[in-house]
2 protein chains.
Amino acid sequence: MQGRHPSAQLVAAESAGYLIDCGEGTQYVLRDLKLGISKIRAICISHLHGDHYYGLFGLLDTMALTGRKAPLYLIAPENLRGILLEIGRSTQTPPSFPVHFIGTSLADTGLNVYTDELISIETFPLDHGVHCTGFLFRAHRPARSMRKEKLFAGFPYAAIRMLKEGKDVYDDGGRLLYRVSEYTIEPAPARTYAYCSDTVYSPSLTGYLKGVNLLYHEATFGSELEAKAHARGHSTAAQAALTAAEAKAERLLIGHFSSRYSDISPLLEEARQVFPETYYAEEGVTFQV
Amino acid sequence: MQGRHPSAQLVAAESAGYLIDCGEGTQYVLRDLKLGISKIRAICISHLHGDHYYGLFGLLDTMALTGRKAPLYLIAPENLRGILLEIGRSTQTPPSFPVHFIGTSLADTGLNVYTDELISIETFPLDHGVHCTGFLFRAHRPARSMRKEKLFAGFPYAAIRMLKEGKDVYDDGGRLLYRVSEYTIEPAPARTYAYCSDTVYSPSLTGYLKGVNLLYHEATFGSELEAKAHARGHSTAAQAALTAAEAKAERLLIGHFSSRYSDISPLLEEARQVFPETYYAEEGVTFQV
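Everything quoted here is computed from the prediction, not taken from an experiment. (Residues numbered from 1 in each chain as written. Chains lettered and ligands numbered in written order. Predicted model: local features only at pLDDT ≥ 70, side-chain atom pairs only at ≥ 80, totals over all residues. Heavy atoms only, no water.)

As for the pairing of strand E2 (residues 16-22) of chain B
All names here are of chain B. Most of E2 is tucked away, with seven of its seven residues classed as buried. By the bridge criterion, six bridges tie strand E1 (residues 8-13) to E2 in an arrangement that is antiparallel. Its bridge partner lying in E2, alanine 8 is registered against cysteine 22. Hairpin connection, E1 to E2: the antiparallel pair is bridged by two residues, and glutamate 14 has positive phi, about 50°. Pairing of E2 with strand E3 (residues 40-44) involves four bridges; the strand directions are parallel. Looking across to E3, one finds that tyrosine 18 is bridged to alanine 42. Running through helix H1 (residues 26-32), the crossover from E2 to the neighbouring parallel element E3 is right-handed. (Buried < 20%, exposed > 50% of the residue type's maximum accessible area, 1.4 Å probe, protein only. Helix = DSSP H or I, 4+ residues; strand = E, 2+ residues; numbered from the N terminus. Pairing = 2+ DSSP bridges. Right-handed = clockwise from strand over helix to strand, strands pointing away.)

The following block contains the structure:
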């Protein structure tokens, strides 16, 4: 979502949602786009600048008001815990659902902070002056499926289970009975999505982003303001593209443009000269990973 | 403003603005309505339920980002101070302007908490379960003006000053020279505006609201839900109207309607049966006091 409201992105996996950052008004945008607030399992907050989290308090209240019972995982800088405690002191109503707070650390270099049956989330440090982390979403690789034409009545169930796990099946004497490559269909590789906002350009990011399917990277300024971008802890569009190229990403999404750009097409053009598969993150637009 | 966004009202006096409550998204509404954020001198927060203050953090950031230097007066429950301190710990950028925090107290019964050359603000306790106060805005009464036809060359300046202050002027021997009623025009009475949200119906409010020109009073429910209103610390439309009638208010504005009412005209009708001069506070609508 890029437009009227500050940063927020919803990562959807099957029926579950995972929110990354939550600027003021995010709950209204989610409501207008009919993106189910109740389906959100985890909220990741990159850093505690207001445009990335001031919408969190209202969203949490709305979850409580709508009777949420499911636990919510909140992955964010430790300081947010104190802010939520202070705010909670004044409402005097206990939340209707458990919030599991997972504090991020700049020492987390690719640490897995969350896993469910659909995805896992890793964090890695960004360089933005204040404590700021990126997030890598990894969809679990689907299981191998059996080649139906190879099955027959009475095909041993234990063998199917081994083959789906990618193991060739031998008999007790060590003779090969069923070969994985012959009996199963290779599943699609696990898809990944990475979120990098806000950060200066840093070659060290490449290690966390290697081969990522879809990379979101901030592009606050154009190259004409590279010095300003660096001074303010931000990147240029060309630098976002360079990161995507170095990481051998499949596609790049850019966003978080400075309000000085009423027309952002030069930023897109600048990035595409370095990394052609660049798109911009507009409010309400969905990208398939 | 009643509509998409939670509570916020802007009281305007000449070129100055005073904001009452500041729900999430208030800064966007102010921007869209072209109500100058830079002109806001004071922000009054009635209580710390999110729909009344979650927009404050973003508004303060926007004031800083746009280079505000003028001091801001923040009149709110003491707990807000701790919340702002916690939030400030994470941004690591000092604010560009001074914020004078004036903590409200439930013991404040008609206490003057703010005065400038245009208006003064008094607080009084509301009954909403949590610490919640109402606000009474009092525009300073304009000075008497002289009846021009009574003036003549050499009319003593000291006498003009006394007459404008409402004092008859005598000579040293105690003889009446100029009578106020004869030489001056009675100024319009000081105009008052009172804000009561959120609160249960309470006859004790009348004392603070006596003769108020414009009264805003919440009307969350209709009379069919009077028990629910009371249990939740809210009022019905009829109760808001009763308060207005008891206070001998000139006009009543009702708002803060429960989202269960897609059509709020029955609430207006209910209030008007008790107090005919009732209107509703719609988003973007301005009322002249």
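Some remarks on the interface of chain B and chain A
Chain B puts 30 residues into the contact, and the matching count from chain A is 31 residues. Run the count over chain B and chain A and you get zero salt bridges. Here chain B and chain A share 10 residue pairs in polar contact (both at pLDDT 80 or more) between them. No other element matches helix H3 (residues 79-91) of chain B, which puts eight residues into the side of chain B that touches chain A. A breakdown of the residues in the side of chain B that touches chain A according to their chemical character gives nine nonpolar, 14 polar and seven charged. (Contact = heavy atoms within 4.5 Å. Salt bridge = Lys/Arg side-chain N within 4 Å of Asp/Glu carboxyl O. Polar contact = N/O pair within 3.5 Å; in protein donor to acceptor, adjacent residues only side chain to side chain. Nonpolar A, V, L, I, M, F, W, Y, C, P; charged D, E, K, R; others polar.)

Comments concerning the packing of helix H8 (residues 237-246) of chain B against helix H9 (residues 265-274) of chain B
Residue and element names in this part refer to chain B. H9 packs onto H8 with a crossing angle of 30° between their chain directions and a minimal axis gap of 8 Å. Looking at the two axes, H8 sits roughly parallel to H9. You can see that H8 and H9 cross each other, and the crossing is right-handed. Contact residues: Ala237, Ala238, Ala241, Leu242 and Ala245 in H8; Leu267, Glu270, Ala271 and Val274 in H9. (Axes fitted to C-alpha atoms, helices over the stretch in contact; angles between N-to-C directions. Parallel < 35°, antiparallel > 145°, perpendicular 65-115°, else oblique. Left-handed = near helix turned anticlockwise from the far one by under 90°.)

Regarding the confidence of the model for chain A
Of all residues in chain A, 97% attain a pLDDT of 70 or more, and the chain-wide mean is 90. We note a pTM of 0.84 for the whole complex and an ipTM of 0.80 for its interfaces. (pLDDT = per-residue confidence, 0-100.)

Quick word on the pattern of salt bridges
Scanning all chains against the criterion turns up 22 salt bridges over all chains. One salt bridge in this structure joins Arg138(A) and Glu122(A), with 2.9 Å as the shortest N-O distance. Of the two residues, Arg138(A) is situated in strand E8 (residues 133-139) and Glu122(A) in strand E7 (residues 119-125); the sequence distance between them amounts to 16 residues. The salt bridge involving Glu165(B) is made with Lys167(B); its shortest N-O contact spans 2.9 Å. A residue is classified by how much of its surface remains accessible, and Glu165(B), at 51% relative accessible area, is exposed. With relative accessibility at 42%, the residue Lys167(B) sits in the partly exposed group. Through salt bridges with shared partners, one network takes in Arg41(A), Asp116(A) and Glu117(A).

Observations regarding the sheet that holds E7(A)
Residue and element names in this part refer to chain A. Strands sit in the order E6-E7-E8-E13-E14-E15-E16 across an open sheet of seven strands; the sheet is mixed. The open sheet has two free edges, formed respectively by strand E6 (111-115) and strand E16 (278-280), since each of these has just one partner strand. Neighbour-to-neighbour, the strand axes of this sheet turn through a mean angle of 20°, independent of strand direction. Sheet strands in contact with helix H8 (residues 237-246) are strand E14 (214-218) and strand E15 (251-255), and its direction is about 150° off that of E14.

Regarding the sheet that holds strand E4 (residues 72-77) of chain B
All names here are of chain B. Taken in spatial order, the five strands of this open sheet run E1-E2-E3-E4-E5, and their pairing is mixed. Edge positions in the sheet fall to E1 and strand E5 (99-104), since each of these pairs with one other strand and no more. The sheet shows a mean angle of 15° between the axes of neighbouring strands, taken without regard to direction. For E4 and E5, the ladder comprises six bridges, and the chain directions are parallel. If you follow alanine 76 over to E5, its bridge partner there is glycine 103. The strands touched by helix H2 (residues 56-65) are E2, E3 and E4; relative to E3, the strand with the most contacts, the crossing angle is about 165°. The strands touched by H3 are E4 and E5; relative to E4, the strand with the most contacts, the crossing angle is about 120°.

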